[in-house]
Amino acid sequence: MENVFSGEILNITPFKKGFVFATKDTTPDGRLKANFYGYDAVNDKFTHIKKSIYLKVKFGLEFEEIAEQLGDYVSCDVGILNDDRIMAVFPNGEYNIFNTDGSLNVSSQLTYHGLPVCDIAVDGPYIWCAVPGENAIIKYSPREGRILLRVGGGDATAFEGPCAVSLHNGILYICNQSSKKIRTLNIQNNSVRDYRVFNEKVYKYINVMGREFVWLKSGLYILD
């Protein structure tokens, strides 16, 4: 495991050939500011990028209108639904769905047992989300506006403080802050297994073009 970025990361957004991320920095006069970076998996290269590039990758062509409506365009996790609408989910469970022209389609709150969901992994017409306070993962239908499936929660110990989900080839990768583990869920048979264990909190798992990255408390790493 090799460290590739050690700054304070605020959010990471994967796309087909890489990912973009925002970091928190301090100016010489003590003010806080955000910087933006991108990783190009084709060329295996990290670069400092403009805010506009970060927003375009995260929200698509109508990024200016979407970012203006959201206000906080950094802390939300984003997924492109199968009908090309853009869904942004905040850590407090608030979510917004935008049409392809940037207009707001849905604004609502997604909770399970009164506890907010976070993160998003698109699965055809559905999404998977983590419910940290319930130690559960849910499958949700944005079109129907209802939860279809819950895995974990209650007396189950499959997940401990789940905070992020990523879907690759029918396998859901769940980052668990409390247990410092990535666990996998086979979405065909709902079997759960350990994938990687760390000695610090794990916030995000990214797989782009076969390269695996993890966002840990101490920074961003590429897995062996």
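Quick notes on the sheet that holds strand 7 (residues 86-89)
Right, on to step 1. Spatial ordering of the open sheet is given by 6-7-8-9, a layout of 4 strands whose pairing is antiparallel. What marks the edges here is a single partner per strand, and that holds for strand 6 (77-80) and strand 9 (104-109). Averaged over neighbouring strand pairs, the angle between their axes works out to 15 degrees when direction is ignored.
Right, on to step 2. Across 4 bridges, strand 6 lies against strand 7 in antiparallel orientation. Following the sheet pairing, glycine 79 is matched in strand 7 by methionine 87.
Right, on to step 3. Relative to strand 8 (residues 94-98), helix 2 (residues 63-70) is tilted by about 155 degrees, and along the sheet it contacts strand 7, strand 8 and strand 9.

A closer look at the layout of surface pockets
Right, on to step 1. Reported here for the largest pocket is a volume of approximately 750 Å³.
Right, on to step 2. Among the secondary structure elements, those contributing two or more residues to the lining of the largest pocket are strand 2 (8-15), helix 1 (51-59), strand 6, strand 12 (118-123), strand 16 (162-168) and strand 20 (202-208).
Right, on to step 3. Tallying contributions element by element places strand 20 first for the lining of the largest pocket, with 5 residues.
Right, on to step 4. Considering only enclosed or pocket space, the second largest pocket measures out at about 430 Å³ in volume.
Right, on to step 5. Looking at the second largest pocket, it is lined by 26 residues, and the ones nearest its centre are Leu10, Asn11, Cys163, Tyr203 and Trp215.
Right, on to step 6. Elements supplying a minimum of two residues to the lining of the second largest pocket: strand 2, strand 11 (115-116), strand 12, strand 16, strand 20 and strand 21 (211-216).
Right, on to step 7. Per-element tally for the lining of the second largest pocket: the top contributor is strand 2, with 5 residues.

Here we look at the pattern of salt bridges
Should their charged atoms come close, side chains of opposite charge can pair.
Right, on to step 1. Tallying each qualifying case throughout the model produces 8 salt bridges.
Right, on to step 2. Residue aspartate 119 is joined to lysine 204 by a salt bridge in which the shortest nitrogen-to-oxygen separation is 2.9 Å. Taken together, the residues aspartate 119 in strand 12 and lysine 204 in strand 20 connect sequence positions 85 residues apart. Across the pair, exposure class does not vary: aspartate 119 and lysine 204 are buried alike.
Right, on to step 3. Between aspartate 194 and arginine 183 there is a salt bridge, with its nearest N and O atoms 2.6 Å apart. Residue aspartate 194 is located in strand 19 (residues 192-197), and its partner arginine 183 is located in strand 18 (residues 181-186); the two are separated by 11 residues in the primary sequence.
Right, on to step 4. Within the structure, one salt-bridge network assembled from shared partners comprises Asp77, Asp119 and Lys204.

Considering a nonpolar patch on the surface
Right, on to step 1. Side chains of Phe15, Ile53 and Val57 sit close together on the surface and give an oily, nonpolar patch of about 220 Å² of accessible area.
Right, on to step 2. Secondary-structure assignment places isoleucine 53 in helix 1.
Right, on to step 3. Relative accessible area serves as the criterion here: at 41%, isoleucine 53 is assigned to the partly exposed category.

Brief notes about the packing of aromatic side chains
Right, on to step 1. Evaluated as defined, the whole model comprises 17 aromatic pairs.
Right, on to step 2. Geometrically, the ring pair formed by tyrosine 39 and phenylalanine 46 is tilted, given 4.7 Å between the ring centres and 40 degrees between the ring planes.
Right, on to step 3. Given the relative accessible area of 2%, tyrosine 39 is considered buried.
Right, on to step 4. An aromatic cluster is defined as three or more aromatic residues linked by ring pairs; in this entry it consists of Phe5, Phe19, Phe21, Tyr37, Tyr39, Phe46 and Phe213.

What counts and how
Numbers given for residues are sequential positions, taken from 1 along each chain in its written order. Reporting in this predicted model follows two pLDDT cut-offs: at least 70 for local features of residues, and 80 or more for side-chain atom pairs to be given and counted; totals over whole chains, interfaces and linings ignore these cut-offs and use all residues. Hydrogens are left out, water is left out, and the side-chain values use all remaining heavy atoms of the structure. Pairing between strands requires that DSSP locate at least two bridges from one strand to the other. Only DSSP runs of H or I reaching four residues or more are called helices, and only runs of E reaching two or more are called strands; each is numbered from the N terminus. Interaxial angles span 0 to 180 degrees and are taken between N-to-C directions of axes, which are lines fitted to C-alpha atoms, for helices over the stretch in contact. Throughout, a residue-residue contact means that at least one pair of heavy atoms, one from each residue, lies within 4.5 Å. Computed over the protein atoms alone on a 1 Å grid, cavities are sets of points where a 1.4 Å probe fits but cannot get out and pockets are open sets with protein on both sides within 12 Å along at least five of seven lines; a residue lines them when it has an atom within 4 Å of a point. Grid points are joined across faces, edges and corners, and a volume is the space filled by probe spheres set on the points. Each reported salt bridge corresponds to a side-chain nitrogen of Lys or Arg within 4 Å of a carboxyl oxygen of Asp or Glu. A simple rule labels every residue: compare its accessible area, found with a 1.4 Å probe on the protein chains alone, to the largest value its type can have, and call it buried under 20%, exposed over 50%, or partly exposed in between. Excluding any residue in a salt bridge, patches collect residues exceeding 30% relative accessible area, merging like charges within 9 Å and nonpolar Val, Leu, Ile, Met, Phe, Trp and Tyr side chains within 5 Å. Values of accessible area rely on a 1.4 Å probe in the Shrake-Rupley scheme; residue burial ignores everything except the protein chains shown. Put simply, two rings from Phe, Tyr or Trp (the six-membered ring, in Trp's case) pair if the centres are within 6.5 Å, and we call them stacked under 30 degrees between planes, edge-to-face over 60, tilted for the rest.

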